[in-house]
Amino acid sequence: MNGASGGKRRLHWLDLAVLAGVAAFAVYIAYRVDTVLVYKWDWSVIPAYLVRWDDEESRWVTNLLVQGFLTTIRLAFWGTILAALIGLVMGLCRVADSLFLRMVSRLYVELIRNLPPLVFIFVFYFFISSQIMPLLGIEEWIYSASPGTLEVVSVLFGDPKLLVNFTSGLICLCMFEGAYLTEIVRAGIQSIPRGQWEAGTSVGLSRYQLMRYVIMPQAIQRIVPPLANQFITLIKDSAIVSLISIQELTFMAIEVGTSTMRVFEIWITVAGMYFAICFGISLVFRKMEARMGRHRA
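Just so we're clear, the structure is a prediction, and the values are computed from it rather than from any experiment.

A. How the structure looks around helix α4 (residues 99–113). Counted at 1.5 Å a residue, the expected span for α4 with its 15 residues is 21 Å, and the 21 Å between its end C-alpha atoms agrees. Contacts made by the buried residues of α4 are with α3 (64–94), α5 (117–136) and α8 (163–190). The opening residue of α4, the one whose side-chain oxygen lies 3.4 Å from the backbone nitrogen of F100, is S98.

Have a look at this one:
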């Protein structure tokens, strides 16, 4: 009721009970790990794998976990943009008048949605991406690029030497997530009442004008919430590309955990990093939904 009245929501006794239960469960898990597994916690190794002192440059630089974290952010950023473009285009094809476009988009969606993610990643990477990457000429371009260009590439995509691997993993991720975004866009468009289509047609709007000025503004408001969930899923699914040696956060965590044997500390830290990204994205979309709700009102 506090939300309905416009005031700030206060903690209810049930909220406090849930928080107490979560805290008690965390303490119990820590106790079981300490007593049953006889695990000796050592968090002192974590800072060294976040940042390190570089004697050659005489400054602090990022280490493996932060480097993997930044790669995950880059994958999430570019993956969100490209997957959204794929989803928008293929979603429009799903509701197009052309039978050919509808069949192509449906084939794309059904093929990817009915394959396990691991199978799709391996098939695409080893049989398709390996043929596409040489045609793009990325390696030759990197070797001939100027130092300034390489610096820009390193900021946007990470180590230029690993750009081919990064691009392969990014394409795999976008193709996979784009299939689900396609269905979200299709469902949003088809949820608009038929009367809106008929009204736009009756006043002489073309198909393009009808979609741009009547259908899509309403559909976007309906697809934002599921889009937010899918983008958060995209961030978490980015861990899959670690299986094809993309050096993102999960890949680095496996490397660090294997070398230090501090499995619990490493993975708890990594879980916190993933939570920070996903929770930040959810807050952004929550504000977008609230703003769109005010505009509707």
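B. Broad picture of the environment of S202. If you trace the backbone, S202 turns up in helix α9 (residues 194–202). Here the side chain of S202 touches A199 through a polar contact of 2.6 Å, landing on its backbone oxygen.

C. Looking closely at the state of the cysteines. Counted by the stated rule, this structure contains 0 disulfides. The thiol sulfur of C93 is not disulfide-bonded, and the nearest other cysteine sulfur, from C174, lies at 17 Å. A residue is classified by how much of its surface remains accessible, and C93, at 14% relative accessible area, is buried. Cysteine C174 is unpaired, with the sulfur of C172 as its nearest cysteine sulfur at 9.4 Å. With relative accessibility at 2%, the residue C174 sits in the buried group.

Cut-off values and rules
Residues numbered from 1 in each chain as written. Predicted model: local features only at pLDDT ≥ 70, side-chain atom pairs only at ≥ 80, totals over all residues. Heavy atoms only, no water. Helix = DSSP H or I, 4+ residues; strand = E, 2+ residues; numbered from the N terminus. Expected span 1.5 Å × (residues − 1). Contact = heavy atoms within 4.5 Å. Polar contact = N/O pair within 3.5 Å; in protein donor to acceptor, adjacent residues only side chain to side chain. Disulfide = S-S within 2.5 Å. Buried < 20%, exposed > 50% of the residue type's maximum accessible area, 1.4 Å probe, protein only.

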